Amino acid sequence: MIAVLKPGLLTTVQDAGRPGHRASGLPVAGAMDRLAFALANALAGNPPGAAALEMTLLGGTFRFERPGYVGVCGADMQPRLNGTPVAPASGFPVLAGDLLAFGAARDGCRTYLSPAGGIDVAPLLGSRSTYVRGALGGFGGRALRAGDLLPVGPTPWARRRPRALAPGLVLPCGGAVTLRVLPGPQDDLFHSEGLATFFGAAYEVGNRNDRMGYQLEGPPIRHLRGPDIVSDALCPGAVQVPGSGRPIVMMADAQTTGGYAKIATVIGPDLRLLAQARIGDAVRFAACGEEEALEALRAERRSLAEATTAA
Amino acid sequence: MSPAPARFLTVGEGGLAVELGSGIDEQVNARVHLLAAAVRRELGDLVEELVPTYRSLLLLFDPLRLPRARLVASVEALLAGLERAGAAPGGGRVVRVPVAYGGELGPDLAFVARHAGISEEEVIALHAGALYRVFMLGFTPGFPYLGGMSERIAAPRLDSPRARIPAGSVGIAGAQTGIYSVESPGGWRLIGRTPLRLFDPAAPSPFLLAAGDRVRFRPCSEREYRKLAARAEAGDQALELEPDAVGAPP
């Protein structure tokens, strides 16, 4: 069991998401920064999809009721174990009664805390992820509160020694980002001037950003004949442009269908960069080819495989 | 008339949207569902997820396992097979959805009647008299986009949306009708409410409707509504299917 003493700003149970029900309108949810999440699990010695806690901007304080081992990865929330700083991307043992406290993120936005054995809430439709807007999954379908007691799954072994990520694996979090995108599916519904704006301008993360999507501030993107399409499928990474001309990048909790033209799709491995961006951070978009997108995907899987092997 | 050629659209590195038409059309939507069934049958696990919408089918795949070009070639072959088979699908289930119209459960029924210049009874008869197609699900889990409502009962959305609409509310927005699947804010004109749960995450089948189903609304009394709602609350929700569903025209 892990006792939540302070929940932080928005802390939810997340895993790799709940795919398979998009056709029924159920968002996928899951970790916003899928690589940091998977690396936290690797550090903990867990399989890559074990359920962890996702903290946002301000981390929580937790008391371990039993001895165990945890992995931490993502934004640097200055974790302290019984008052002593621990590395922001590391794995370490905990004893019964230990206090693990996170503060404000020094950079980036989201940090994963993964106990060995995973957070053992009951799976719902194949996943332990919390879909907050739908009030389902995770711990009671909601963000954690002080006083919550989180069950931890069993582990067949006891890891003892602390460990850190290989230096090459440290993840950039926060600051200006450039997101690689594959144009489409509806880039043909934009004026050439609008496409030039989208690829040339610097956008900024506005205050309307959450697990569902990031609305960006910046120069409006010109459509050819207006923003509306016959509603079709919407995925995390899709860049919708509504009538205002300001792009909205859909994130993990994206609704499954939408009626605005989508100018491009952020490639999967780069979406974590936006998940770690915060209000005021600059965002640029760069077109990439399919081969570059696949190479980025290979590199992401290599990082994960290396971290898992090193465990 | 032979269908328009399919367009293959890139949806990130792991998504392919196959667009089969340009507008909201029963025949196009029926082909989307035929293609989905063919992909499921022929490509199996190679495609991780399928999302049928009004006029397109999104296929999600692992591009390091299945190259896009190969997927496109496979889908083209399946589409050619559909052309040869030629037939439109008879359509799967026809699900009867009981609705208590008007009163507290349908506070905007009077408005819709006034707007249409007919009586409330006529609105109910028109709404319950049609056979609707579930073009797709979306917006919220289990929410059906229904096609086939009579234009005569079309009504504008509310000027300012309600903050809280109970699950099961049946509404009209423009020429569309739909059923709120979970409690949410919304601006549709509410004409009634169904006791059925369109989304119940704890149930063995969490979603009442599937894209491609057809729906017929069955007027019920407020008393029957209460009875069925209590049963649905207890997890005992009987699905009413029309016996003549098989082979009915789409």
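Residues numbered from 1 in each chain as written. Chains lettered and ligands numbered in written order. Predicted model: local features only at pLDDT ≥ 70, side-chain atom pairs only at ≥ 80, totals over all residues.

Draft legend 1. Representation of the overall build of chain B. Helix and strand counts for chain B stand at five helices and 14 strands. Its C-alpha atoms put chain B at 55 × 40 × 40 Å along the principal axes. A separation of at least 24 residues holds for 64% of the contacts in chain B among residues at least 6 apart in sequence. (Helix = DSSP H or I, 4+ residues; strand = E, 2+ residues; numbered from the N terminus. Contact = placed C-beta atoms within 7 Å.)

Draft legend 2. Here's a closer look at the packing of helix α1 (residues 26-43) of chain B against helix α2 (residues 68-85) of chain B. Residues and elements named next belong to chain B. Interhelical geometry of α1 versus α2 gives an angle of 125° and a closest axis separation of 10 Å. One way to sum up the angle between α1 and α2 is to call them oblique. As α1 packs across α2, the resulting crossing turns out to be right-handed. Where α1 abuts α2, its residues R31, L34, L35, A38, V39, E42 and L43 lie against S74, V75, L78, L79, G81 and L82. Among the residues making up the contact of α1 with α2, the classes are represented as nine nonpolar, two polar and two charged. (Axes fitted to C-alpha atoms, helices over the stretch in contact; angles between N-to-C directions. Parallel < 35°, antiparallel > 145°, perpendicular 65-115°, else oblique. Left-handed = near helix turned anticlockwise from the far one by under 90°. Nonpolar A, V, L, I, M, F, W, Y, C, P; charged D, E, K, R; others polar.)

Draft legend 3. Fine view of the sheet that holds strand β1 (residues 7-10) of chain B. All names here are of chain B. Pairing in this open sheet of four strands is antiparallel, and the strands run β1-β2-β4-β3 from one edge to the other. Strand pairing shows two members of the sheet lacking a second neighbour, β1 and β3 (47-52), which therefore form its edges. On average, each strand axis in the sheet is inclined to that of its neighbour by 20°, with strand direction left out of account. Pairing between strand β2 (residues 15-19) and strand β4 (residues 56-61): five bridges, direction antiparallel. Each residue of the ladder has a partner; that of V18, found in β4, is L57. Across the sheet, α1 lies against β2, β3 and β4, angled at about 170° from β3, the strand it touches most. (Pairing = 2+ DSSP bridges.)

Draft legend 4. Structural detail: the interface of chain B and chain A. The partner chain A presents 31 residues to the 36 residues of chain B that form the contact. Take the side of chain B that touches chain A: its biggest share by element is five residues, from β3 of chain B. Here the residues of the side of chain B that touches chain A sort into 21 nonpolar, 10 polar and five charged.

Draft legend 5. Structural view of the nonpolar core. In terms of nonpolar packing, the biggest core is built from 149 residues, with L39, A40, Y112 and L274 of chain A together with L59 of chain B touching the most fellow members. In terms of residue count, helix α1 (residues 34-44) of chain A provides more of this core than any other element does, nine residues in total. Excluding residues that lie within four positions of it along the chain, Y112 of chain A makes contacts with A31, A36, F37, A40, A52, L53, E54, V72, C73 and G74 of chain A. (Core = buried A, V, L, I, M, F, W, Y, C linked by C-beta atoms within 7 Å. Buried ≥ 20, exposed ≤ 12 C-beta atoms within 10 Å, placed from the backbone.)

Draft legend 6. Representation of unusual backbone geometry within the structure. Residue and element names in this part refer to chain A. With an omega dihedral of 15°, the bond running from G184 to P185 counts as a cis peptide bond. Inspection of the secondary structure assignment puts P185 in the loop between β13 (177-183) and α2 (192-200). Within the chain, L57 stands out as a residue other than glycine whose phi angle is a positive 60°. By the element assignment, L57 lies in the loop between β3 (52-56) and β4 (61-64). A tally of 17 C-beta atoms within 10 Å means that L57 is categorised as partly exposed. Phi at A135 is positive, roughly 50°, even though this residue is not glycine. Looking at the secondary structure, you find A135 in the loop between β10 (110-115) and β11 (149-150).

Draft legend 7. Molecular detail of the pairing of strand β10 (residues 176-179) of chain B. Residue and element names in this part refer to chain B. Of the two faces of β10, only one is covered, namely that formed by T177 and I179; the face formed by Q176 and G178 stays uncovered. Relative to β10, strand β9 (residues 169-173) is paired through four bridges, and the arrangement is antiparallel. Each bridged residue has a counterpart across the sheet, and for A173 the counterpart in β10 is Q176. Taking the residues between adjacent antiparallel strands as the criterion, β9 and β10 are bridged by two residues, where G174 takes a positive phi near 60°.

Draft legend 8. Expanded view of the sheet that holds β4 of chain A. Residue and element names in this part refer to chain A. The six strands are arranged β7-β6-β9-β4-β1-β11 in an open sheet whose pairing can be described as antiparallel. Whereas interior strands pair on both sides, the edge strands pair on one side only; in this sheet they are β7 (84-85) and β11. Bridging between strand β6 (residues 80-81) and β7 involves two bridges; their strand directions are antiparallel. Looking at β7, one finds that R80 is bridged to P85.

Draft legend 9. Structural context of the environment of L113 of chain A. Residue and element names in this part refer to chain A. Of note, L113 is situated in strand β10. Considered as a pair, L113 and G20 are 93 residues apart in the sequence and their alpha carbons are 26 Å apart. Apart from residues no more than four positions distant in its own chain, L113 is found in contact with A40, A52, L53, M55, V70 and V72.

Draft legend 10. Focus on the environment of H33 of chain B. Residue placement: H33 of chain B occurs in helix α1. Note: C-alpha distance between H33 of chain B and L109 of chain B (76 residues apart in sequence) is 34 Å.

Draft legend 11. Highlighting the confidence of the model for chain B. Residue and element names in this part refer to chain B. With 94% of its residues at a pLDDT of 70 or more, chain B shows a mean pLDDT of 91. A low-confidence stretch, residues 245-250 stays under pLDDT 50, and its non-local contacts, those more than four residues away or across chains, total 12 contacts. Predicted complex, confidence summary: ipTM 0.95, pTM 0.93. (pLDDT = per-residue confidence, 0-100.)

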